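# Observations on chain architecture
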Amino acid sequence: MGGFQQDEMTPEQIEHEVGLYGPFTEVVRELVDATIRTEVDDDEIRAVQAELEDIVARLRRSQLDGPYGVRFNATGHGRPWGNSVVGLRNAIAPPLAIERESTGRVRCEFHLGAAYEGPPSLVHGGVSALILDQMLGEAAGAGGRPGMTATLTLHYRRATPLGDLRAEAWIERTEGIKTWAHGRIEDAEGVTVEAEGLFILPRWARELAFPTGDAAETPPSYAE
Ligand SMILES: CCCCCCCCCCCC(=O)SCCNC(=O)CCNC(=O)[C@H](O)C(C)(C)COP(=O)(O)OP(=O)(O)OC[C@H]1O[C@@H](n2cnc3c(N)ncnc32)[C@H](O)[C@@H]1OP(=O)(O)O
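Only a predicted model underlies this, so the values are computations on that prediction, with no experimental measurement involved. (Residues numbered from 1 in each chain as written. Predicted model: local features only at pLDDT ≥ 70, side-chain atom pairs only at ≥ 80, totals over all residues.)

So, on to the overall build of the protein. Counting secondary structure elements, the protein contains four helices and nine strands. By residue count, 27% of the 224 residues in the protein fall in the buried class. For the protein, the proportion of contacts with a sequence separation of at least 24, taken over those separated by at least 6, is 64%. (Helix = DSSP H or I, 4+ residues; strand = E, 2+ residues; numbered from the N terminus. Buried ≥ 20, exposed ≤ 12 C-beta atoms within 10 Å, placed from the backbone. Contact = placed C-beta atoms within 7 Å.)

Shown next as C-alpha cells:
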C-alpha cells in the first residue's frame, strides 16, 4: 500500500509548515462555513465566485500528483495532514486535536459547525461515524495495536447537536493482530453516540513487521 512516506523534514521545518498551513487551512474552513451561511446579494456571490476561481487557479499552479498521504520524518514524527478527521491541511477535517495515552485511551474536544449538519441543527450520522472510526483507530494505534477498520458498529443513543462536543475511545481487548476498541461522543448532557470496532493489522503491514510470520505473539509498536 502506498501513501506512507519517509522524508527528511527537520522539527524546525515541520514547525514552519504548521505555522504556514494551519492558519491557511483554517481560513478555508471559515470559507466553507461562510459559504453555507452567507446572505449577501447575487452580484456579490458572483464576484466572490470569480475571485475564488482565480485563487484556485493560483494554487493549482503547483500541486501534488495525488493525495497528501502520511509522511514521517527520521524521528518517526507522523504528519497525516490530508486526513479527513485530523488533517492539518484538510479543510474538511474539523480538525480533531487528539490527546493520546500509551494505554490506548484517546480523547478530544472539538466543535462541529454548519458544515457537518444532517438533520436540522444536528450532526450528520455519517460524520459521527467518521469521527468515531478515527478515534477508535487512534486508540488502537496509541496502544501499540494499529490496524485498519474491519468492522464498525454505531449506536445512536440520542441526536448529537452541532456545537461543542467531546469524544473518547479506548482498547477493549486484543488478540494477536486484532484489536477491539470502543468509544463515544458526548455533548454537555452526556453520551449521544457509542461505537465498537474491530481493527486488524493488514497483511501488507504484517509482512513488513513480521517477516517470519509470527504476528500473534508480538504486535508492533505504533509510532506517530
Ligand atoms: C496499519 C495502519 C494504521 C493506521 C491507523 C491510523 C488511524 C486511522 C483510523 C481510521 C481507520 C480507517 O478508516 S481504515 C479505512 C477503512 N477500512 C478499510 O478500508 C479496511 C479494508 N479491509 C482491509 O484492508 C482488509 O480486509 C483487512 C485489513 C480488514 C483484513 O485483511 P487481511 O489482513 O488481508 O485479512 P486476512 O489475512 O484475510 O484475515 C486476518 C484475520 O482477520 C479476520 N478478518 C478479516 N477481515 C475481517 C472483517 N472485515 N471482519 C472480521 N474479521 C475479519 C479474518 O477472518 C482473519 O481471522 P483469523 O482467521 O486469523 O481469526
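Turning our eyes to something else, we now look at the sheet that holds strand β2 (residues 70–72). Taken together, the three strands give an open sheet; going across it, the order is β1-β2-β3, and neighbouring strands pair in mixed fashion. One side of each edge strand has no neighbouring strand; the edge strands of this open sheet are β1 (4–6) and β3 (78–79). Where β1 meets β2, three bridges bridge the pair, whose relative direction is parallel. Residue pairing in the sheet places Phe4 in a bridge with Val70 of β2. (Pairing = 2+ DSSP bridges.)

The next subject is the pairing of strand β7 (residues 163–175). Alignment of strand β5 (residues 106–112) against β7, held across seven bridges, turns out to be antiparallel. Bridge assignment links Glu109 to a residue of β7, and that residue is Arg166. Pairing geometry for β7 and strand β8 (residues 178–187), over nine bridges, is antiparallel. Its bridge partner being in β8, Glu168 is matched across the sheet by Arg184.

What follows covers unusual backbone geometry. Cis geometry marks the peptide bond from Pro94 to Pro95, where omega comes out at -10°. Turning to its location among the elements, Pro95 is positioned in the loop between β3 and β4 (99–100). Phi at Ser121 is positive, roughly 65°, even though this residue is not glycine. Looking at the secondary structure, you find Ser121 in the loop between β5 and α3 (125–142). Here Ser121 falls in the exposed class, since 11 other C-beta atoms lie within 10 Å of it.

Mapped onto the secondary structure, Gly3 falls in the segment before β1. Residues Gly3 and Arg89, 86 residues apart in the sequence, show an inter-C-alpha distance of 16 Å. Residues within four places of Gly3 in sequence aside, it is in contact with Gly69 and Val70.

The share of residues in the protein with pLDDT of 70 or more is 93%, and the mean pLDDT across the chain is 93. Confidence drops under a pLDDT of 50 for residues 217–224, and excluding neighbours within four residues, the segment shows 12 contacts in the predicted structure. (pLDDT = per-residue confidence, 0-100.)

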